[in-house]
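Residue strings, one per chain:
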Amino acid sequence: MGDEAQRLQDPGFRRLLARRSRWRWTLSGLLIGAYLLYAVAGIYYADAYAAPFLGSAVPWGMAIGYLIIALTIALSLVYVRVVNRIESSEREDERP
């Protein structure tokens, strides 16, 4: 237990947590904003959301919904890559 408390007080570990937290909140804010924009646009532009997407049977609203799902996956991949890079750079800084 003392080892965990000591790790929490380490400035390098706290810096790592702060950097990860900034990335997490930034990407979460982007995603929440995209979902809110999608929902509000769906309220105000319901007819446009129901229109066919490029002449297909799929409506614009569904196509945009798929894009938001793709954005979710892309932002998850960005977060994982960035956090892995941050953690590996922190490990390199710890080496003597």
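Just so it is clear, the model here is predicted, and its values are computed rather than measured.

Considering the overall build of the protein chain
- If you tally the helices and strands in the protein chain, you get 4 helices and 0 strands.
- Written out in order from the N terminus, the α and β elements of the protein chain read α-α-α-α.
- Burial statistics for the protein chain: of 96 residues in total, 17% are counted as buried.
- For the protein chain, contacts bridging at least 24 residues in sequence account for 58% of all contacts bridging at least 6.

Here's the deal with the confidence of the model for the protein chain
- Residues of the protein chain with pLDDT of at least 70 account for 86%, and the chain-wide mean is 85.
- Across the protein chain, helix α3 (residues 46-50) holds the top mean pLDDT of 90, while helix α1 (residues 2-9) sits lowest at 69.

Structural notes on helix α2 (residues 11-44)
- When the terminal C-alpha atoms of α2 are compared, their 49 Å separation across 34 residues agrees well with the 50 Å that a helix rising 1.5 Å per residue should span.
- Those residues of α2 lying buried are G12, L16, L27, L31, A34 and A41.

Thoughts on unusual backbone geometry
- For L54, which is not glycine, the phi dihedral falls at a positive 50°.
- Within the secondary structure, L54 is located in the loop between α3 and α4 (60-94).
- Look at L54 and you get exposed, because its relative accessible area is 71%.

What to know about a nonpolar patch on the surface
- On the surface, a nonpolar cluster with roughly 690 Å² of combined accessible area is contributed by Y35, V58, M62, Y66, I69, I73 and L77.
- With 5 residues, the single largest contributor to the nonpolar patch is α4.
- Note on placement: I69 falls in helix α4.

Looking at the environment of A46
- With respect to the secondary-structure elements, A46 resides in helix α3.
- In sequence terms A46 and W60 are 14 residues apart; their C-alpha atoms lie 9.9 Å from each other.

About the cut-offs
- Residues numbered from 1 in each chain as written.
- Predicted model: local features only at pLDDT ≥ 70, side-chain atom pairs only at ≥ 80, totals over all residues.
- Heavy atoms only, no water.
- Helix = DSSP H or I, 4+ residues; strand = E, 2+ residues; numbered from the N terminus.
- Buried < 20%, exposed > 50% of the residue type's maximum accessible area, 1.4 Å probe, protein only.
- Contact = heavy atoms within 4.5 Å.
- pLDDT = per-residue confidence, 0-100.
- Expected span 1.5 Å × (residues − 1).
- Patch = residues over 30% accessible without salt bridge, like charges linked within 9 Å, V, L, I, M, F, W, Y side chains within 5 Å.
- Areas by Shrake-Rupley, 256 points an atom, 1.4 Å probe, with all protein chains shown as cover.
- Salt bridge = Lys/Arg side-chain N within 4 Å of Asp/Glu carboxyl O.

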